[in-house]
Amino acid sequence: MEMIKQLKELKSSALKELGAVSQAKDLEAWRVRYLGKKSQLTSILRGLAKLPIEERRQVGALSNQIKTGLEESLEQKARLLKQAKLASAGEEGIDITLPGRHFPTGRLHPLTQTVTEICDIFVSMGFQVVEGPEVEWDYYNFEALNITRHHPARDSMATLWVDAETEKGERNMLLRTHTTAVDTRVMEQMPPPIRVVMPGKVYRYEASDVTHVPMFHQIDGLAVDKNITMADLKGTLYEFARRFFGEDRKVRFRCDYFPFVEPGVEMAIECLVCGGTGCRLCGNSGWIEVLGAGMTHPRVLERSGIDPREYTSFAFGMGIDRLPMLRYGIDDIRLLYGSDLRFLRQF
Amino acid sequence: MKVSLKWLEQYVDIDLSPAELADKLTMAGTEAKGWQVIGGNWEGIVVGQILAINPHPNADRLKLPIVDLGTEQQTVVCGAPNLKVGDKVAFARVGARLIDGHSGQIVQLEAANIRGVASNGMVCSERELGISDYHQDIMVLAAEAKVGTPLADFMGDVIFDLDVTPNRPDCLSVIGIAREVAALTGQKVRLPDISYDETGAPIEEQISIDITAPDLCPRYSASLITGVKIAPSPHWLQQRLLAGGMRPINNVVDVTNFVMLEYGEPLHAFDYNRVRGRKIIVRRAEEGEVLVTLDGAKRPLSPDMLVIADAERAVAVAGVMGGADSEMTGRTTAIVLEAANFNPPSIYHTGYTLGLPSEARMRFERGISPELTVPALRRATRLIIELADGKAAKGIVDVYPGKQEPEPILLSTGEVKRLLGVDFSLGQIKTALASLGFDCQEAKSASEVKAIAPYWRSDIGLAEDLVEEVARVIGYDRIPVTMPGGEVPRQNPAPIIGFKQEVRRDLAGYGFYEVITYSLTSLDLMNKLLPQPHPLEPEPLRVVRPMSTEQEYLRPSLRANLLAALEANRRHEEGGIRLFELGRVYQRRPNDLPDEPEMLCGLLAGPRFDESWHGGDEPVDFFDAKGVVEGLLHHLGVEADFKPADDESLNPAKQAAIVVGGKKLGVVGELHHKVIETFDLSEKACLFEINLTEILPFTLEHKLFQPISRFPAVVRDIALVVGLSVTHRQVMDVMTGFPLVTRVALFDLYTGGKLPADKKSLAYRITFQSSTKTLTDEAANKVQQKIIDKLSKELGATLRG
Ligand SMILES: [Zn+2]
């Protein structure tokens, strides 16, 4: 049967030609040629009526089958070409995997990020951020906080004294050893009720190693009002811990001593590495101390002009550097002050 | 402080596991940093006694001791040189786990045949038991050890490592810790027997004591013991000292140290026969007085130091260290035992000045109670008589000029509630206080208690102190969790705080990495800037004893540290580097704390854009830095002028002062080539510095909304030719001075070509716009012409053809 043979040849040449098409714009020409109104296939279908009944059925079925097959092949080819065009640079497309035009990106220091995060949490609880001087008088750093000249607490805060004498020839200027030094300044200047947090740099006479640097960061907090209680301190710090360390992190509140509070508190969180079972990081205790706190000592309030019989107050203080170290697993505190871009890029 | 559980159990019953006990103490304020179990794995190790020692048939160095274990006898092969018939030893049966003396590994003991003789067990050294590293000899046990008892029962222990807070000198003693444990577990403390027979002559006939500085010595008590025989102390005493971290010396010295660990009262024993004139005088040191202390060092003393002296000379620095001259020797037969109390600041000062840390000094400095002297003295005297065969004199000397009666403190349930935020009943409060040894008396009101602190609690003085005692005994976990009530205080945050944050975020957005460098810096680093050497004018602040010259000065500017950071990063970084620091610098003020202005310093180095397939690796220049400054200031709403500047560390031709409100508040420029060299940078770098504290007020000016014109703008381009010395700023000042001119932008700068050598061409796009009407071309032309006329008249500008 001539007609059948012709149809089969038509199909194979159409597919061969389709396979050779490499650009989407050439597909239309192929479609017109093999599936268009003037194509051989269309004319065969149109001429079916003239064929004898037997032949008509056979040729008709085959023609329709070939037509559907070619339409499917066309569709598939179009899809392939489209994908290829997206994936690689064609004449008119672009290689989207090439790097973009570079805008320099910068970042805030991880300590800045941490301080901001902590301050934001306390600000949302009604605290205000206050800063004090880094070079401070002995009075604000020590005396006002019950740390007298011969107090053992002075030994634990090796102090860097500044080489400057007052008119009276006294040398009483130092680099503050803790941000608690700002407490008295705040109470002297602000009438209660007070709720403040005081972030900043502090200094110690200490040789550098993986856990010590001579300058680091702390944040202190202070609340003074008529009915401030240790329960409020607990509530405030638990809320901070929940938001900073996570909902499920266990918190421990234990008795501790600081000269400027009474009663005194130390707050610890469940170890982030071992989850409480004990490891090297937490010294096998399962707990990591994060801050010291307590009810502000009545003498400290008195010295700042606040009547301890009328007002109560809580205070807390926390080292900041350890927090990003714990969170990111940084094992050497000196990296925070090393200005190394390979470090800073990671945060 | 190290505390042995066994020792503790002599004063209080404990039925808690080491972990539970550690937790209780920690929660109540004395942190247990850890504990070490001694003998936790001594299964199969028992006390034995050597009955006989036979020679080994095949080895001269080895012996065959026969060890009695009570139920049986065992023969083992042993090479230790100190085997002695009758000695009690630690015997490990086959199957016991020991530490291998050579490898340090834990091994299980097996039956062995050593050179032809069967050995069914082992006589152990301290190292094999994990007690110490000593492995030369076998360990000889105290004679009182009972044959056959498990070694763990005889000498197993748990040693707690306690962190005693500075307010609790009473807890620097085993009895002090026992009192804590008793209070926390509802037990009672058992105190040791301190009585003894006074068989000697009356003490007053043998020694007199005089305190001439009662302000520095509130109490001095002493006993006298004659006929003592100095010898090594018994095993149990040595063991206690070792557990407490002290080295045994001889029976008398060991007793003084033991009682110090037990009661917390430091004691000192003088050789009675070396105390001249039978006299002890507690006095201030004389000007120029020198004492050779126990350690052999010559110590120059001064009148603010307290000494213990005899009739002729100082024999000890009070409370700090004894003198070599009155020290006990092996031949000492009579001793004066001192238990005294000294003024804490004086001890601190003396110890600090002489550089002498000691266990005694630490206790005196923290203010132990003067009431402690007599019980501790009696306890030590009793022990010395017991262990060194002495005879105690009749009576003691007790000079007590500083006696103070304890003041009762009133505490109400209301005060407890006011501080803790929880209601504890008066009963609960009294029980808690009584458990700690407080004497609780009835007060006038039914909601109050009058509490008198026990004598050992020298830290208690206020109702607040009692509140802490109540809270920690009942438990901090019983305090509820609430949020502060009342009105939220008025917020007036200092504008600088938010401002700094805004500046930081802007710079990070411009591609800068923030660094934080040390505020303390070195002269060497400052000297890398220009002029060299650093003029130190105004003189930067210095610290008195710097850690090192690296950290000697308080930085007068941020730039040296930042350049050092750039230099360090350049060793491993290619491409563009942008760094900034925002922090304080320190400026000396007479008779006051320094000024601490908040400064911003930024650095740009390397290519503007990293070299890539997009091309472009041009190095940054002045205008990149200026662009950052302009962008920042624009965002902050500050209008700045850029004026010629003379910063010596910057390229003289490529720098500008940032002038705001007529004041120079910063600088921007390219680094001077000499600075580039001293910092070992092989490239151009740009720097900017802004005093944020001073610029802040200019950012706070109230902004007013400018209505947006509904009428179309007319845009005109003009190209001017002006002399080389005419600045863009001059042209801008003229153009922006005209009405209807809403925007002027320089879009081309051109020199050379057909222009005369002393001319340049500036091309501007001027936007004219009215807020009230649609501008006609004529109206715009008119203004434009006026602008051109004025530019021509004032700046000699011509239009470019
Ligand atoms: Zn852990």
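Residues numbered from 1 in each chain as written. Chains lettered and ligands numbered in written order. Predicted model: local features only at pLDDT ≥ 70, side-chain atom pairs only at ≥ 80, totals over all residues. Heavy atoms only, no water.

1. Regarding the overall build of chain B
No. 1: Counting its regular elements, chain B contains 21 helices and 43 strands.
No. 2: Relative to a compact globule of 801 residues, whose C-alpha radius of gyration would be 28 Å, chain B shows 42 Å and is clearly more extended.
No. 3: Considered along the principal axes of its C-alpha atoms, chain B spans approximately 125 × 80 × 60 Å.
No. 4: Looking at the 801 residues of chain B, the share that counts as buried comes to 51%.
No. 5: For chain B, the computed accessible surface area is about 36800 Å², with 51% contributed by carbon and sulfur atoms.
No. 6: Between the centroid of the 86 positive side chains of chain B and the centroid of its 108 negative side chains there is a distance of 4 Å. (Helix = DSSP H or I, 4+ residues; strand = E, 2+ residues; numbered from the N terminus. Rg over C-alpha atoms; globule rule 2.2 N^0.38 Å. Buried < 20%, exposed > 50% of the residue type's maximum accessible area, 1.4 Å probe, protein only. Areas by Shrake-Rupley, 256 points an atom, 1.4 Å probe, with all protein chains shown as cover. Lys, Arg positive; Asp, Glu negative; His and termini not counted. Charge placed at Lys NZ, Arg CZ, Asp CG, Glu CD.)

2. Some details on the pattern of salt bridges
No. 1: Taken as a whole, this structure holds 78 salt bridges over all chains when the rule is applied.
No. 2: Salt bridges sharing partners connect three or more residues here, namely Arg-168, Asp-170, Glu-180, Arg-457, Asp-459, Glu-469 and Arg-472 of chain B. (Salt bridge = Lys/Arg side-chain N within 4 Å of Asp/Glu carboxyl O.)

3. Thoughts on the coordination of the zinc ion
All names here are of chain A.
No. 1: Those protein atoms acting as donors to the zinc ion are Cys-271 (SG), Cys-274 (SG), Cys-279 (SG) and Cys-282 (SG), and they sit at 2.2 to 2.3 Å.
No. 2: Angles of 104 to 114° at the metal separate the four donor atoms of the zinc ion, which places the site in the tetrahedral class.
No. 3: Spacing between the donor residues of the zinc ion along their common chain follows C-x2-C-x4-C-x2-C. As far as burial versus exposure is concerned, Cys-279 and Cys-282 are alike and both buried. (Donors = N, O, S within 2.8 Å, 3.2 Å for Na, K, Ca; no water. Tetrahedral: all angles 85-135°; square planar, octahedral: opposite > 155°, others 65-115°.)

4. Considering the nonpolar core
No. 1: In this structure, Leu-411 and Phe-688 of chain B are the most contacted members of the largest nonpolar core, which totals 161 residues.
No. 2: Ranked by residue count, the leading element in this core is helix H9 (residues 230-245) of chain A, at eight residues.
No. 3: Formed by 94 residues, the second largest nonpolar core is a distinct cluster that contains Ala-213, Leu-267, Ala-285 and Leu-356 of chain B. (Core = buried A, V, L, I, M, F, W, Y, C linked by side-chain atoms within 4.5 Å.)

5. Focus: the sheet that holds strand E27 (residues 439-442) of chain B
Residues and elements named next belong to chain B.
No. 1: Taken in spatial order, the three strands line up as E26-E28-E27 in an open sheet, and their pairing is antiparallel. With one partner strand each, in any of the chains shown, strand E26 (409-412) and E27 form the two edges of the open sheet. Mean inter-strand twist for the sheet, computed between neighbouring axes without regard to direction, equals 35°.
No. 2: Note that E27 and strand E28 (residues 448-452) share four bridges and pair antiparallel. Bridging across to E28, Asp-439 finds its partner in Ile-452.
No. 3: Contacts between helix H12 (residues 426-435) and the sheet are confined to E26, E27 and E28, with E28 contributing the most and set at about 5° to the helix.
No. 4: Across the sheet, helix H13 (residues 463-474) touches E26 and E28, and the angle it forms with E26 is around 55°. (Pairing = 2+ DSSP bridges. Axes fitted to C-alpha atoms, helices over the stretch in contact; angles between N-to-C directions. Contact = heavy atoms within 4.5 Å.)

6. Some details on unusual backbone geometry
No. 1: Cis peptide bonds are those with omega within 30 degrees of zero, and the linkage from Pro-192 of chain A to Pro-193 of chain A qualifies with 0°.
No. 2: Summarising the element assignment, Pro-193 of chain A is placed in the loop between helix H8 (181-189) and strand E4 (194-203).
No. 3: In this chain, Glu-537 of chain B is followed by Pro-538 of chain B through a cis amide linkage whose omega measures 0°.
No. 4: Position of Pro-538 of chain B among the secondary structure elements: in the loop between helix H15 (523-526) and strand E31 (553-554).
No. 5: If you check the backbone angles, Arg-278 of chain B has positive phi at about 50° while not being a glycine.
No. 6: As for its position among the elements, Arg-278 of chain B is in the loop between strand E16 (267-271) and strand E17 (279-284).
No. 7: Backbone geometry at Leu-740 of chain B places phi at a positive 75°, although glycine is not the residue there.
No. 8: Owing to a relative accessible area of 28%, Leu-740 of chain B belongs among the partly exposed residues under this scheme.

7. A look at the sheet that holds strand E2 (residues 31-38) of chain B
All names here are of chain B.
No. 1: Overall, antiparallel pairing links the three strands, which are arranged E1-E13-E2 in an open sheet. With one partner strand each, in any of the chains shown, strand E1 (2-4) and E2 form the two edges of the open sheet. On average, each strand axis in the sheet is tilted by 25° relative to the strand beside it, whichever way the strands run.
No. 2: In terms of strand pairing, E1 meets strand E13 (residues 157-163) through three bridges, oriented antiparallel. Within E13, the residue paired with Val-3 across the bridge is Phe-160.

8. Considering the interface of chain A and chain B
No. 1: On the side of chain B, 93 residues touch chain A, which itself brings 99 residues to the contact.
No. 2: Together chain A and chain B conceal approximately 8100 Å² of surface at their shared face, both sides included; 59% is due to carbon and sulfur atoms.
No. 3: Applying the counting rule to chain A against chain B returns five salt bridges.
No. 4: When the shortest N-O distance is used, the salt bridge between Asp-163 of chain A and Arg-542 of chain B registers 3.2 Å.
No. 5: Applying the counting criterion to the chain A and chain B interface returns 39 residue pairs in polar contact (both at pLDDT 80 or more).
No. 6: Residue contributions to the side of chain A that touches chain B peak at eight residues, all from H9 of chain A.
No. 7: Within the side of chain A that touches chain B, the residues separate by chemical class into 45 nonpolar, 23 polar and 31 charged. (Buried area = accessible area lost by both parts, 1.4 Å probe. Polar contact = N/O pair within 3.5 Å; in protein donor to acceptor, adjacent residues only side chain to side chain. Nonpolar A, V, L, I, M, F, W, Y, C, P; charged D, E, K, R; others polar.)

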